[in-house]
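The chain contents come next:
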Amino acid sequence: MAATSNPYERLLRTIEINNKTYKYYDLASFGAKYDRLPYSIRVLLESCVRNCDNFQVLEKDVQNVLEWEKNQAQDAVEIAFKPARVILQDLTGVPAVVDFAAMRDAVRDLGGDPQKINPICPADLVIDHSVQVDFARTPDALNKNQELEFERNKERFQFLKWGAQAFDNMLIVPPGSGIVHQVNLEYLARVVFSGDTLYPDSVVGTDSHTTMINGLGVVGWGVGGIEAEAVMLGQAISMLLPKVVGYKLVGELNPLATSTDLVLTITKHLRSLGVVGKFVEFFGPGVSALSIADRATVANMCPEFGATVAHFPVDNRSLGYLAQTNRDSSKIKLIEEYLRATKQFRDYNNANEDPIFSEVVELDLSTVVTSVSGPKRPQDRVSVSVMKKDFQECLTNKVGFKGYGLSPAQLSSSGSFTFSDGSTYSITHGSVIIAAITSCTNTSNPSVMLGAGLLAKKAVANGLKVLPYIKTSLSPGSGVVTYYLRESGVIPYLEKLGFDIVGYGCMTCIGNSGPIDDNIANTIEKNELVCCGVLSGNRNFEGRIHPNTRANYLASPLLVIAYALAGTVDIDFETQPLGTRADGSSVFLRDIWPTRSEIQEVENQFVIPGMFKEVYGKIELGSPSWQALDVPQGKLYGWDVNSTYIKKPPFFASMTRDLPPVRSISQARCLLLLGDSVTTDHISPAGSIARNSPAARFLADRGLTPREFNSYGSRRGNDAIMSRGTFANIRLVNKMSPTAGPRTTHHPSGDVMDIFDAADRYASENVPLIAIVGKDYGSGSSRDWAAKGPYLLGIRAVIAESFERIHRSNLVGMGIMPLQFLPGENAETLALTGSEQYSLQVPENISPGDLLTVEVSTGKSFQVKVRFDTEVDLTYFKNGGILNYMIRKML
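Anyway, here's the lowdown on the structure attached to this text. (Residues numbered from 1 in each chain as written. Predicted model: local features only at pLDDT ≥ 70, side-chain atom pairs only at ≥ 80, totals over all residues. Heavy atoms only, no water.)

Topic: the overall build of the protein
At step 1: Assigned secondary structure in the protein consists of 33 helices and 34 strands.
At step 2: Its C-alpha atoms give the protein a radius of gyration of 28 Å, within 12% of the compact-globule value 29 Å for 891 residues.
At step 3: Counting only C-alpha atoms, the protein reaches 90 × 70 × 55 Å along its principal axes.
At step 4: In the protein, buried positions account for 61% of the 891 residues.
At step 5: Counting only contacts in the protein whose residues sit at least 6 apart along the sequence, the fraction spanning at least 24 positions is 75%.
At step 6: Computed over 86 positive and 95 negative side-chain charges, the inter-centroid distance for the protein is 1 Å. (Helix = DSSP H or I, 4+ residues; strand = E, 2+ residues; numbered from the N terminus. Rg over C-alpha atoms; globule rule 2.2 N^0.38 Å. Buried < 20%, exposed > 50% of the residue type's maximum accessible area, 1.4 Å probe, protein only. Contact = heavy atoms within 4.5 Å. Lys, Arg positive; Asp, Glu negative; His and termini not counted. Charge placed at Lys NZ, Arg CZ, Asp CG, Glu CD.)

Structure follows, in structure tokens:
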């Protein structure tokens, strides 16, 4: 089916702004139905209207969105959505750039112009996941950490720097610039795109916290790599029309509460309500009292409370933020006039503008109290006033999210160690080992960052210190933060407490906390202590922050410093002092805690547009190390066959210019026979590379030692590593293996071996492969390698009882057939063991939803439903996947 002209061109109007005439789609002409739509749904509708071609985006999609009020009550109304742009972080961005480089080679080999391969919609890539807190509590920590970052990641950085000059419509922000979501908020966000036609900014990103941009009124969320690449190639993504929860805010925060306290309160509230798969949209007069930084803090933790987006429609404060961050005044005027013309501009104090929601919940901001969350989940908020009691209860509660199961005898455990300064220290349950001001969640917010600086200043003035063994660190989300902390004069006080700037990136928040002193680690392990990390991040799952901090609490930057000063979370700040002054008098937290008005006065004076202009005016230059990186020029990449980080993928090795005939599957073997709820974490390579794994053997054969293996994440640009790590999860239960883990049985030999080795052996025997699985196959986070990996293992089809929606789409995107058992049938009812051979005749005229017959070597047969759900799915499959389709389209 070919695309047609847009049937909604009748809605095109013109508007003159800044003496220039623009076109736009007049959504308001839809009338009352449009006026009742949530503002976030209006963005989806505009995209559907503007991109309607009756191939990727159908008139039915437009009508389904316009009829949201009726359709949202249903569970499975699917629509196509074309975001305006894509944002990538480095670990997930590398595979995308690798694929684009390989596509250029394929176009050249097939006689086309390789320079036609560029992102069709803007793609921004920010390198922010690489730096680790190896050095802390030293003025030189920043430089030392950045030097190590370049040493470990030089090859990846060289490749990305090549990509920066090789591709049009792709911006690559060098390492050391900041965290992707903060850079997006302060610099990259367009809010409204302003070519010949005006339309609202919207974005998908390869990181779950892409939602932070919702705080500025931009609809956006996290997706997997294949969806991101599809959008970069101008393709629509499939999504379910969401329910929208209206979250009404009233009142104002009390003078001592912070935006962190607010987001932890909302996270607990919405997680208990249940908003997975839903949009949350904020409204009510209380929103007007929140700065854009406050709103962004709330939106950032959208994944933690489980929603798809946490949207704050654009209002006057949004425009003020754009001015503060040095956006052009004429662009700000354009944004306002376009959004007003299309009824997408919000006055939170005008209840007449409130849309219809699926349901409404309310929060009085004045009820928010100082809080932390933990010790193992971000939704487990604890009021600081009861923190001491709560922690003590956690120690003896049965093992779980709020318990460690310690016996009465273990409660008194403690241990002593000698630190590098020669002194001996004692630690016990609750002792703080790591205290990190980190993460875009909070470091994007001047109020909590300057608040932390003012608290540090008062602490130093009162003679307070942080114990030297606590690993303290400050990793801002952008250079602007350093700028205003320095100009306001608080950096010397932060440094005196050990909070030196250690780098720009996610760092401790994603587990890059670096090592702690061996003597401390040994003492914790020997005495089985529940020691703590306190961080201003967004996730605190067990084992994420550091192996030796069994309890981890999310807190505002101010509380991070407070608990570092206390040295323990086992403290009642109301009754127990942080320390004493030189005269012996007690210093309580209330004595050094700055009020909101104090912080606001400093923020108004020092957070100014000139800072943003200076920092972002040179952001693409990067550090001297980045500038010194020698990279090849040219539009085609010079692949190094010896590289273990960057490798040309084989996706296009046998590709032809013309569309090949549809291939049937003959005498395939089953590589895996899996049960229900196999997640993308089971499928996709993740974490460290086990020393006994096929990936480890591959690296060892090339002369690398285990210390140099690095992680699967860092090697996402090398398909030889990633294919060896596919299904490598130690908890995978494959019914064709006698034990749990990444093993299977090769047939007909009966040899039990690693899954990759079996797939490799089948490939040498020219045997196609299938996988047979249970319900909800591919649930969990969307991961591109959960589809790319099986493809590279030779899996041609997956037969499942049911598929997770996005993973099914990703399989199609890689040319793998998703086949579904008929109701009431599965591997068990059909007595399939995985030892058989399977054949499937696929007709040339196959259509979405067809029933096909699987012939089994035992003589039995069964029918399956082909889960090509749209003509677009079928087109991708016939081409061998979305990337192949785009190459042929370019040719």
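Looking at the packing of aromatic side chains
At step 1: Applying the stated criterion across every chain yields a total of 28 aromatic pairs.
At step 2: When the ring of Tyr777 is compared with that of Phe803, the centres are 6.3 Å apart and the planes differ by 80°; the resulting orientation is edge-to-face. Taken together, the residues span a long stretch of sequence, with Tyr777 in the loop between strand 29 (769-772) and helix 30 (785-792) and Phe803 in the loop between strand 30 (795-800) and helix 31 (805-813) at a distance of 26 residues. Neither residue differs from the other here; Tyr777 and Phe803 are each classed as buried.
At step 3: Residue placement shows Arg377 over the ring face of Phe401; its charged tip is 3.9 Å from the ring centre.
At step 4: When the ring centre of Tyr483 is taken as reference, the NZ or CZ atom of Arg486 above it lies at 5.1 Å. (Phe/Tyr/Trp six-rings, centres within 6.5 Å; stacked < 30°, edge-to-face > 60°. Lys NZ or Arg CZ within 6 Å of the ring centre and 35° of its normal.)

As for helix 21 (residues 557-566)
At step 1: For helix 21, the buried fraction is high: 9 of the 10 residues fall into the buried class.
At step 2: Restricting attention to buried positions, one finds in helix 21 the residues Pro557, Leu558, Leu559, Val560, Ile561, Ala562, Tyr563, Ala564 and Leu565.
At step 3: Phi turns positive, to about 80°, at Gly567, one or two residues after helix 21.

Description of the nonpolar core
At step 1: Phe282, Leu485, Phe499, Leu559, Ile561, Tyr563 and Leu565 are the most contacted members of the largest nonpolar core, which totals 149 residues.
At step 2: In contact with Leu565, not counting residues within four places along its chain, are Leu455, Ala459, Leu464, Lys465, Val466, Leu497, Leu578 and Ile592.
At step 3: Counting 144 residues, the second largest nonpolar core, distinct from the first, contains Ile41, Ile117, Val309 and Val662. (Core = buried A, V, L, I, M, F, W, Y, C linked by side-chain atoms within 4.5 Å.)

Some remarks on helix 8 (residues 225-232)
At step 1: In terms of residue burial, helix 8 counts as a mostly covered element, since 8 of its 8 residues are buried.
At step 2: Those residues of helix 8 that fall on the buried side of the exposure criterion are Gly225, Ile226, Glu227, Ala228, Glu229, Ala230, Val231 and Met232.
At step 3: Looking one or two residues beyond helix 8, the residue adopting positive phi is Gly234, at roughly 85°.

Here we look at unusual backbone geometry
At step 1: Residue Gly374 is joined to Pro375 through a cis peptide bond whose omega torsion reads 15°.
At step 2: The omega torsion of the bond from His747 to Pro748 falls at 10°, within 30 degrees of zero and hence cis.
At step 3: Here the phi dihedral of Asn54 falls at roughly 55°; this positive angle occurs in a residue that is not glycine.
At step 4: Tracing the backbone through its elements, the reader meets Asn54 in the loop between helix 2 (39-51) and helix 3 (59-66).

Re the sheet that holds strand 29
At step 1: As summarised here, the arrangement of the 7 strands in space is 26-29-30-31-34-33-32, forming a closed barrel in which the pairing is mixed. Across the sheet, the axes of successive neighbouring strands diverge by a mean angle of 40°, strand direction being ignored.
At step 2: Where strand 31 (residues 817-821) meets strand 34 (residues 861-866), 3 bridges bridge the pair, whose relative direction is antiparallel. Looking at the pairing, Gln820 lines up with Lys865 of strand 34. (Pairing = 2+ DSSP bridges. Axes fitted to C-alpha atoms, helices over the stretch in contact; angles between N-to-C directions.)

Examining the pairing of strand 19 (residues 424-428)
Two faces make up the sheet, and in a regular strand the side chains alternate between them.
At step 1: Residues Tyr425 and Ile427 line the buried face of strand 19, whereas the alternating positions Thr424, Ser426 and Thr428 sit on a face that is not buried.
At step 2: Two strands pair when backbone bridges link them, and strand 18 (residues 414-418) and strand 19 are joined in this way by 5 bridges, in the antiparallel orientation. By the bridge assignment, Ser414 is partnered in strand 19 with Thr428.
At step 3: Once strand 18 ends, the chain turns through 5 residues before running back antiparallel as strand 19, passing Gly422 with a positive phi of about 90°.

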